[in-house]
Amino acid sequence: TEKEQWQEIYAALDELPYLNNVIRETLRIIPPVHSSIRVAMRDDEIPTRDAVKMRDGSVKYGIKIRKGQFVHIPVESMNLDREVWGEDSWLFK
């Protein structure tokens, strides 16, 4: 039956030890969605781990956003961040 054929295909794929790692690493370096844009539904503050130097010279731990403001989420750059993935984050491993 068709169901048994698919089960055989999945079983064969499970026997390929490096396939999952290759696919995951490929998607890390070249994600299908490079970034996303969100719209703030209310006034809020996005917390930051590191201090952010503001235009007026002050330093804050967080960025205030207003309702309706767009927020860009750079998925691709997060997947290549050296602080997260190590100094060789741009290498395919």
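Residues numbered from 1 in each chain as written. Predicted model: local features only at pLDDT ≥ 70, side-chain atom pairs only at ≥ 80, totals over all residues. Heavy atoms only, no water.

Asks: Explain the overall build of the protein chain residue by residue, including any values.
Replies: Secondary structure summary: the protein chain contains 4 helices and 6 strands in total. Starting at the N terminus and ending at the C terminus, the protein chain contains elements arranged as α-α-β-β-β-β-β-β-α-α. Relative to a compact globule of 93 residues, whose C-alpha radius of gyration would be 12 Å, the protein chain shows 21 Å and is clearly more extended. For the protein chain, the spread of C-alpha atoms along the principal axes amounts to about 65 × 35 × 15 Å. Residue burial in the protein chain is summarised as follows: out of 93 residues, 13% are buried. For the protein chain, the proportion of contacts with a sequence separation of at least 24, taken over those separated by at least 6, is 57%. For the protein chain, the computed accessible surface area is about 8300 Å², with 58% contributed by carbon and sulfur atoms. With 14 positive and 16 negative side-chain charges, the protein chain shows a separation of 12 Å between the mean positions of the two kinds. (Helix = DSSP H or I, 4+ residues; strand = E, 2+ residues; numbered from the N terminus. Rg over C-alpha atoms; globule rule 2.2 N^0.38 Å. Buried < 20%, exposed > 50% of the residue type's maximum accessible area, 1.4 Å probe, protein only. Contact = heavy atoms within 4.5 Å. Areas by Shrake-Rupley, 256 points an atom, 1.4 Å probe, with all protein chains shown as cover. Lys, Arg positive; Asp, Glu negative; His and termini not counted. Charge placed at Lys NZ, Arg CZ, Asp CG, Glu CD.)

Asks: I'd like a rundown of the packing of aromatic side chains, residues and numbers included.
Replies: In the structure shown here, the tally under the stated rule is 1 aromatic pair. Here R28 stacks its cationic end above the ring of W85, 5.0 Å away from the centre of that ring. (Phe/Tyr/Trp six-rings, centres within 6.5 Å; stacked < 30°, edge-to-face > 60°. Lys NZ or Arg CZ within 6 Å of the ring centre and 35° of its normal.)

Asks: If you had to explain the side chain of S89 to someone new, which residues and values would you point to?
Replies: Residue position: S89 is located in the segment after α4 (82–85). Here S89 is in contact with R28, L80, D81 and R82, once residues within four sequence places are set aside.

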